[in-house]
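Secondary and tertiary structure notes
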Amino acid sequence: MTTTHVAVVQARVSPDLAAGMAHTQALTREAAQAGATLVVFPETWLPGYPAWLDVCRDAGLWDHPPVKQVFARMAAESVVVSGESGRALGRIAAESAVTLVMGVIERLEGGPGRSTLYNSLLIFSPDGSLLNHHRKLMPTYTERMVWGAGDAAGLQAVDTPAGRIGGLICWEHWMPLARQALHDSGEDIHVAAWPTGHEMHQVASRQYAFEGRCFVLAAVSYTHLRAHETKAKLVCRLLLEKK
């Protein structure tokens, strides 16, 4: 039986893409030095999940300047998969010779849908090449205000030195046909990418392992709440800190 050493990263999200890239490189190196050959990051690790959608009172107001400003910053800090930021992720994988699974907010730079943002999950090989590019099929609830609907092009498992790897993003784990497509694709390891790790997300991850007869790596983000700080106040503080 082959043994694969994996690392599921749970760390604080960086304030911008440049800092996030440096943080990603350092964490990937640390994981590789500890013996990991597969390194997994959570949903929208770069540049971070837009939690303000759910806790800021005026997020849905039409033509609201503060929300437009926050959205513009998110778009500017998003990853262009075919651009320099996408290539930088490939270099991080190659530098540490690991299979790298990465959750990003993707910005489409050209062609049909130009400037659309997507919630995407990327798989890079140890030589830095992009093996799979999955866009979340349907953004969940308030996410539809900022992200476009994906497609099924990346709904598959791919061969890697760690085995056949596939992944789904958050609410896709409650889509029976999406799960079935990946089961049919023959996953050895499934990446369950989440923004948080509350109980229902853990239940869904365990259920997927039972149904798909595969190993599941549940990757979630880490957010630090100061004493007596509510989630809404936390988001407002983070937005201010990013200015």
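Overview of the structure.

Cut-offs and rules
- Residues numbered from 1 in each chain as written.
- Predicted model: local features only at pLDDT ≥ 70, side-chain atom pairs only at ≥ 80, totals over all residues.
- Heavy atoms only, no water.
- Helix = DSSP H or I, 4+ residues; strand = E, 2+ residues; numbered from the N terminus.
- Rg over C-alpha atoms; globule rule 2.2 N^0.38 Å.
- Buried < 20%, exposed > 50% of the residue type's maximum accessible area, 1.4 Å probe, protein only.
- Contact = heavy atoms within 4.5 Å.
- Areas by Shrake-Rupley, 256 points an atom, 1.4 Å probe, with all protein chains shown as cover.
- Lys, Arg positive; Asp, Glu negative; His and termini not counted.
- Charge placed at Lys NZ, Arg CZ, Asp CG, Glu CD.
- Phe/Tyr/Trp six-rings, centres within 6.5 Å; stacked < 30°, edge-to-face > 60°.
- Lys NZ or Arg CZ within 6 Å of the ring centre and 35° of its normal.
- Right-handed = clockwise from strand over helix to strand, strands pointing away.
- Pairing = 2+ DSSP bridges.
- 1 Å grid on protein atoms, 1.4 Å probe; cavity = no way out; pocket = protein on both sides within 12 Å on 5 of 7 lines; lining within 4 Å.
- Points joined across faces, edges and corners; volume = space filled by probe spheres on them.
- Core = buried A, V, L, I, M, F, W, Y, C linked by side-chain atoms within 4.5 Å.

All right, on to the overall build of the protein then. The secondary structure content of the protein amounts to seven helices and nine strands. For the protein, the C-alpha radius of gyration of 17 Å lies close to 18 Å, the compact-globule estimate for 243 residues. When the backbone C-alpha atoms are referred to their principal axes, the protein occupies close to 55 × 45 × 35 Å. Residues counted as buried form 50% of the 243 residues belonging to the protein. In the protein, the share of contacts with a sequence separation of at least 24, taken over all contacts with a separation of at least 6, comes to 65%. Accessible surface, the protein as shown: approximately 11900 Å² in total, 57% of it carbon and sulfur. Each charge class in the protein can be summarised by its mean position, and for the 22 positive and 23 negative side chains these summaries are 6 Å apart.

Further remarks concern the packing of aromatic side chains. Summed over all chains, the structure comprises four aromatic pairs. The interplanar angle of 45 degrees and the centroid separation of 5.2 Å between the aromatic rings of Phe 41 and Trp 45 together place this pair among those described as tilted. With a relative accessible area of 1%, Trp 45 lands in the buried category. Pairing Trp 174 with Trp 194 gives two aromatic rings, centres 5.6 Å apart and planes at 65 degrees, and the pair type is edge-to-face. Placement of the pair is Trp 174 in the loop between strand 7 (163–169) and helix 5 (176–185) and Trp 194 in the loop between strand 8 (189–193) and helix 6 (199–212), with a sequence separation of 20 residues. Taken together, the ring pairs in this structure connect Trp 171, Trp 174 and Trp 194 into an aromatic cluster. It is Arg 135 that lies over the ring of Tyr 118; its NZ or CZ is 4.2 Å from the centre. Here the guanidinium or amino end of Arg 213 rests over the ring plane of Phe 210, the centre of that ring lying 4.6 Å away.

Let us look at the pairing of strand 8. With five of five residues buried, strand 8 is to be regarded as a mostly interior element. Residues of strand 8 alternate between two faces, with Ile 189, Val 191 and Ala 193 on one and His 190 and Ala 192 on the opposite face, all of them buried. Remark: the strand 7/helix 5/strand 8 crossover connection has right-handed handedness. Taken together, the five bridges between strand 8 and strand 9 (residues 215–219) define a ladder with parallel strand orientation. Across the sheet, Ile 189 pairs through a bridge with Phe 215, a residue of strand 9. In this fold, strand 8 hands off to helix 6, which returns the chain to strand 9; that crossover is right-handed.

Here the structure, examined in full by the defined rule, presents one cavity of 30 Å³ or more. One number sums up the size of the largest cavity: a volume of about 40 Å³. In terms of lining, the largest cavity is formed by Leu 121, Ile 123, Asn 132, His 134, Gly 154, Gln 156, Gly 166 and Gly 167. Secondary-structure elements contributing two or more residues to the lining of the largest cavity are strand 4 (117–124), strand 5 (130–135) and strand 7.

Time to look at the environment of Gly 167. By the element assignment, Gly 167 lies in strand 7. For Gly 167 and Val 191, which are 24 residues apart along the polypeptide, the C-alpha to C-alpha distance reads 4.4 Å.

Here the focus is the nonpolar core. Val 39, Phe 41, Leu 46, Leu 89, Leu 100 and Met 102 are the most contacted members of the largest nonpolar core, which totals 24 residues. Of all the elements in the fold, those that place two or more residues in this core are helix 1 (17–33), helix 4 (84–96), strand 3 (99–107) and strand 4. If you look at the next biggest cluster of nonpolar residues, it comprises 19 residues, including Ala 162, Cys 170, Ile 189 and Leu 217.

Just distances and angles here, no functional claims.
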